[in-house]
Each structure stands twice: as C-alpha cells, then as structure tokens.
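# Close look at the chain arrangement
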Amino acid sequence: MAKPFQLPPSLSELRNYVDGEFVSTGRCFPDISPLHGGLLAQVHEADAALVDRAVLAARRALDGPWGRAGVDERARWLHRVADVIERCFDEFVAAEVADTGRPLAQARTLDVYRGVANLRTFADLGKVAHGDCYETRLASGQELMNYTVRKPLGVVASICPWNLPLLSMTWKAGPALICGNTMVVKPSEETPASATLLAAAFHEAGVPPGVFNLVHGFGPGSAGEAMTRHPGVDAVTFTGESRTGAAIMKAVADGVKEISFELGGKNAAVVFADADFDAAVEGVVRSSFSNSGQVCLCSERVYVERPIFDRFVAALKARTEALKIGWPDDEGVFMGSLISHEHRDKVLSYYALAVQEGATVVSGGGVPTFGDERDAGAFVQPTIWTGLADDARCIREEVFGPVCHIAPFDTEDEVIRRVNDSAYGLAGCVWTSNLSRAHRVSRRFQVGIVWVNTWFSRDLRTPFGGSKLSGIGREGGRYSLDFYSETTNICLAL
Ligand code: NAD
Ligand code: 6OD
C-alpha cells in the first residue's frame, strides 16, 4: 500500500532550473520522508559545472530584458509568480508537508502563505525605495548637489535552510529580485520539493531565463561550496547554522563578496510574576515547540520569576503533555516529525546529554510510539528540563528541537545578565504586564529581535537578524532593499 504524504508523480524526480530550463544531471540523491522513512523523490545534484552554467546565465540575464526592465515591470513579474503560487497553493502545501513532516495547517497558514506574502510585499516595497539628497555649500562658496542612486549588486547566491523552506527562499528572492539582481538559489538537500515548484512558478510566470536559477545539492564539495567560491557571484545571502556561516565567510573572503547571514540562536523567554499567567504559558508552548522547535527564533531557555516558578513549570508540563503529535492532517495536531532521522539523532543526543549534565526531565525526553508506520519516522517528544547549571552545554548550544529548560530568577538585573550570557544573540521574549519593565528589559537584551507578550508575529517591513553568532546584517523592509542594492553617490558642482 502507498505510504501517506508522498509527492505526486510529477515530482518523483526533482531537477535543477538553469537558464529557463529544467536540467537533469543523472547524479541523484534520495529525498526521504521524515514521517515514515519512505522514498519521496530522486533529486538531481548539481556539480560545479552546472553551478557555473547557472552563474553565467544569471550574469547574462543582468544585461537582458530583466536588466533593462524598470521596477514596475519587475514588480509585475514577482506578482505573477505569487499568483501562480496562490493558484497551486495545495501543491505547495503538499510538497512542504511531504519534505518536512509538519502539520498541514502550519504549511498553509505560515509557509505557503508567507511564500506569497514575501514576494508581494517586496514587489510593492521596491517601488517606494528611495535615496538620499544633500545640498552642500563649501567654505569657498562652491555649491554641490549630492544624490544617491540604487543599482543591483549583480548575481546573488542564496543558500537556504530546511526549517522553513519556501518562507526562507522567498524572503530572499523577493527583495533580491525587485532590486534588479539575478539569482542562483540552493535549497537545503532536505527540502528540494517546494523549491522545485517555486522554479516552475517563475517559469510559468514568464520571468526571463537566467533571472532565477535553482541548483540542488549539498554544502562542502557540492553545489553550496561551488556557489560561494564562484568568481561570478557578487553577494551571498545565507540562512543556516552559525558554523556553516563561518565556513562560507572563509570561502567568500578572497572574492570580498557582500554577505548577509541569518544564523542560529539560543533564545531566551523571560516570564515575570506580573505577566498574564495563562498567556505566558501558551506563549512559551508556542515559542518552544512550534515547528517541533525547528525555528531559529524558538525559546530553548526560559527564565521564570521565582514566586510563580513551581506553578509555571506544572502548567507548562500539563499543557505540553496535552499537545497532539502525529500525522500532518490529524485533527488538532500541533507537532509533526523532525526534519530527518539524522537530525533526530542530534536532538536525542542532547536529551541524553541533559540527563548526564544533571537535568530533571519534567516532561518528554524520548520518542513517541504510534503502532503504525510513523514508528519509522523522525518523531520526538516535546521536552522540558529544569535544574541545569548556566554553563551546561544544553544551556549554551542550540538543540533545534522541541525543548526548553526552565530556570527561576530573582531580579531583573540577574535575569538580563543570564539572558545575555550567550554566544548567540538572535531573539528574546519578555512576558510582563508592567510597561516600563517591558521597555527597560527589552532594550538591554543583546539580540536583534524582542517580542513582548507575543512571539513570532512579523511585520515584513521591520528589521530581522541577529548579533554575535546569530548573524551579520539585517533584512526586512528597507534593510533588505539596502542590502540587495549597490548605492552610488553622485556629486555635482552647481
Ligand atoms: P545548515 O547550515 O546545515 O545548512 C544550510 C544550508 O547551507 C543548506 O542548504 C546546506 O546545504 C548549505 N551548506 C552547508 N554547508 C555549506 C558550505 N560549507 N558551503 C555552502 N553551503 C553550505 O543549516 P540547516 O540545518 O539547514 O538549518 C538549521 C539552522 O539554520 C539552525 O541553526 C537555525 O537556527 C538556522 N536558521 C537561522 C535563521 C535566521 O533567520 N537566523 C532562519 C532559519 C534557520
Ligand atoms: O519570519 C521571517 O521572516 C523569518 N525569516 C523567519 C525565520 C525563522 C527562522 O527559523
């Protein structure tokens, strides 16, 4: 009997998209379902020669109809791609679910919804991108007029992660393309399906050949490394692990390429005793366990003010144990599988390490059993720890699974010091009903994004990114337009 959540026959082979054509390479790797371990598709891996073809096609496209188009025309193309995604919404949802094992409802309301929203938002924002103008009078009396113009950077290489595949790709493609760049995009080897559909959407929307190129493959020794080392690439935008970011930085150093890095996190949520208790419990469930904890913004460290600590731990445990884990289309399902069996081994190694490091396992800590083919899938239980020391590896290293450690704290200064005592600096949450405290604490967090009494809510015009090991630069709204443009200042003597 066919296993559930397969890809349709039209996606049984996933090809590269280079210079407006789908390209087979004959050298394939398997795309495996994390829900039951079955084969989803064969993926045609791009080698360095195909990456070279993609980069050269992208360079040529800079001088073609795309390069000559105005921003209005580019915006129309991006909206047409978004139209195709909307028309094929269910196919995108099915592809995202098959590759990632996530709930259908999440793929609909987050992944594919944001795929459309990213393209439309940046198509519209590109039209209002503006520059600077300064009138200057020198001591000699000479008058000058300075103004800036924006130009594309050229060929942008975009290397994407598996955790939010379509969201991540379109978050980069929207701004990069509206600014007039062309792209070579590599999805994660774990999530090639929605990327292939995205390439088909660019094709169907009539975007000129070479503007959007897709190559499948891995990192070191494969398509990813070939992209970062290619002299024809002008900028690299990367989302993924911090240590991969470090490797890419070395690879691009000789070419002095522009980089934008969105990397890992070890984010904290701080719950003050004056917070709306139920909202904070619900918020921490979401911020720790959404997408099975595989969101860079998830809170793996939770600090709770001592007077409500015991009550909070008990409430979080009860709420967590009521979460439904299962098939993507199960009624009320909250968590699907992890992305892969390999990633599950990593998460389970942290579950074991936490016990060695002295954690009390309040909830979870293992693998659920179902009595059906899901037992061959990559599922884990959502897990809560208490009792770890601040220097434990499980407190310092990103697990990237459905896990949080809850620790009590006594004072504002103490908790801010502990939150900031991290090599990462991506995001944080504050739960309080005291407005002054909310402002005071948020501005002292050494991170790029703080949520107060919520988590993950996004306005795509706001800056997004992290400090320390969590990244370089900010994207979102005008920050993206600035990154994906080369600015020239023109100075005229009047
Ligand atoms: P990863 O670093 O393993 O892989 C990301 C991409 O890089 C993949 O496409 C991979 O093939 C490629 N790659 C790997 N090594 C490479 C190399 N040497 N040269 C070129 N390409 C290479 O990350 P992942 O496991 O796919 O994603 C999870 C990580 O991403 C987590 O650490 C998470 O926090 C982070 N993340 C961060 C953000 C953010 O916005 N800050 C968003 C999503 C994910
Ligand atoms: O919401 C976004 O725009 C975004 N880039 C989210 C990334 C989440 C990380 O896993």
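Above this text is the structure in question.
What you see is a predicted model; the values in this text were computed from it and never measured. (Residues numbered from 1 in each chain as written. Chains lettered and ligands numbered in written order. Predicted model: local features only at pLDDT ≥ 70, side-chain atom pairs only at ≥ 80, totals over all residues. Heavy atoms only, no water.)

To continue, consider the packing of helix 5 (residues 104-126) against helix 6 (residues 165-178). Orientation of helix 5 relative to helix 6, taken along the N-to-C sense of each, is 10°, at an axis distance of 8 Å. The angle between helix 5 and helix 6 places the two elements in the roughly parallel class. Facing Leu110, Asp111, Val112, Arg114, Gly115, Asn118, Leu119, Phe122, Ala123 and Gly126 of helix 5, the residues of helix 6 in contact are Pro165, Leu166, Leu167, Thr170, Trp171, Gly174, Pro175 and Ile178. (Axes fitted to C-alpha atoms, helices over the stretch in contact; angles between N-to-C directions. Helix = DSSP H or I, 4+ residues; strand = E, 2+ residues; numbered from the N terminus. Parallel < 35°, antiparallel > 145°, perpendicular 65-115°, else oblique. Contact = heavy atoms within 4.5 Å.)

The next point concerns the site of ligand 1. What surrounds ligand 1 is a group of 29 residues, the closest being Cys160, Glu189, Thr244, Leu263 and Glu398. Taking Glu241, its main chain carries an N or O atom lying 2.9 Å from an oxygen atom of ligand 1. In the model, an oxygen atom of ligand 1 is placed 2.6 Å from a nitrogen or oxygen of the Glu398 side chain. When ligand 1 is considered free in solution it has 850 Å² of accessible area, and contact with the protein chains removes 91% of it. Contributions of two or more residues to the shell around ligand 1 are made by helix 8 (223-229), strand 11 (235-239) and helix 9 (242-253). (Near = heavy atom within 4 Å. Polar contact = N/O pair within 3.5 Å; in protein donor to acceptor, adjacent residues only side chain to side chain. Areas by Shrake-Rupley, 256 points an atom, 1.4 Å probe, with all protein chains shown as cover.)

Glancing now at helix 3 (residues 71-87). Compared with an ideal rise of 1.5 Å per residue, which puts 17 residues at 24 Å, helix 3 spans 24 Å between its outermost C-alpha atoms and is within 8% of the ideal. Looking only at helix 3, the buried set comprises Arg74, Ala75, Trp77, Leu78, Val81, Ala82, Val84 and Ile85. Buried residues in helix 3 make contact with helix 2 (65-68), helix 4 (89-100), helix 5, helix 6 and helix 7 (193-204). (Expected span 1.5 Å × (residues − 1). Buried < 20%, exposed > 50% of the residue type's maximum accessible area, 1.4 Å probe, protein only.)

Core analysis: the largest hydrophobic core is formed by 105 residues, its most contacted members being Phe212, Val271, Leu297, Phe312 and Ile406. In terms of residues, this core owes the most to one element, helix 5, which gives ten residues. Split by domain, this core shows at least three residues from each of two domains, domain 1 (9-263 + 470-493) and domain 2 (267-459). Other than its neighbours up to four places away in sequence, Phe312 contacts Val271, Phe277, Ala280, Val281, Val284, Val302, Val304 and Ile406. Ala54, Val55, Leu62 and Val155 belong to the second-largest nonpolar core, a separate cluster that totals 25 residues. (Core = buried A, V, L, I, M, F, W, Y, C linked by side-chain atoms within 4.5 Å. Domains from an automatic or database assignment.)

Let's shift gears to the packing of aromatic side chains. All chains considered together, the criterion is met by 15 aromatic pairs. Summarising the aromatic geometry, the rings of Phe370 and Phe379 are spaced 4.8 Å apart at their centres and angled 65° between planes, so their arrangement reads as edge-to-face. For Phe370, a relative accessible area of 22% gives the class partly exposed. Between the aromatic rings of Trp455 and Phe456, the centroid separation amounts to 5.2 Å while the plane-to-plane angle is 45°, which identifies the pairing as tilted. Judged by relative accessible area, Phe456 falls into the buried class, the value being 16%. Taken together, Phe122, Trp171 and Phe464 form an aromatic cluster joined through their ring pairs. Here Arg478 stacks its cationic end above the ring of Tyr479, 4.5 Å away from the centre of that ring. (Phe/Tyr/Trp six-rings, centres within 6.5 Å; stacked < 30°, edge-to-face > 60°. Lys NZ or Arg CZ within 6 Å of the ring centre and 35° of its normal.)

Quick look at the site of ligand 2 now. Contacts to ligand 2 come from Arg114, Asn163, Leu164, Leu167, Trp171, Val295, Cys296, Leu297, Arg458 and Phe464. In this structure, an oxygen atom belonging to ligand 2 sits 2.7 Å away from a side-chain N or O atom of Asn163. Protein contact buries 95% of the 310 Å² of open area that ligand 2 shows by itself. Of the residues that constitute the shell around ligand 2, the class distribution is seven nonpolar, one polar and two charged. Counting the residues that make up the shell around ligand 2, at least three belong to each of domain 1 (9-263 + 470-493) and domain 2 (267-459). (Nonpolar A, V, L, I, M, F, W, Y, C, P; charged D, E, K, R; others polar.)

Here we come to the sheet that holds strand 5 (residues 39-44). Read across the open sheet, the three strands follow the order 1-5-4; overall the sheet is mixed. Of all the strands in the sheet, the pair left with one neighbour each is strand 1 (13-14) and strand 4 (28-32). Here five bridges tie strand 4 to strand 5, and the two strands are oriented antiparallel to one another. Bridge assignment links Asp31 to a residue of strand 5, and that residue is Ala41. (Pairing = 2+ DSSP bridges.)

Applying the stated criterion to the full structure yields 30 salt bridges. Note that Glu414 and Arg418 form a salt bridge whose closest N and O atoms lie 2.7 Å from each other. Taken together, the residues Glu414 and Arg418, both in helix 14 (residues 412-420) and four residues apart, mark about one turn of the helix. In this structure, a network of salt bridges that share partners links the residues Asp274, Glu412, Arg437 and Arg440. (Salt bridge = Lys/Arg side-chain N within 4 Å of Asp/Glu carboxyl O.)

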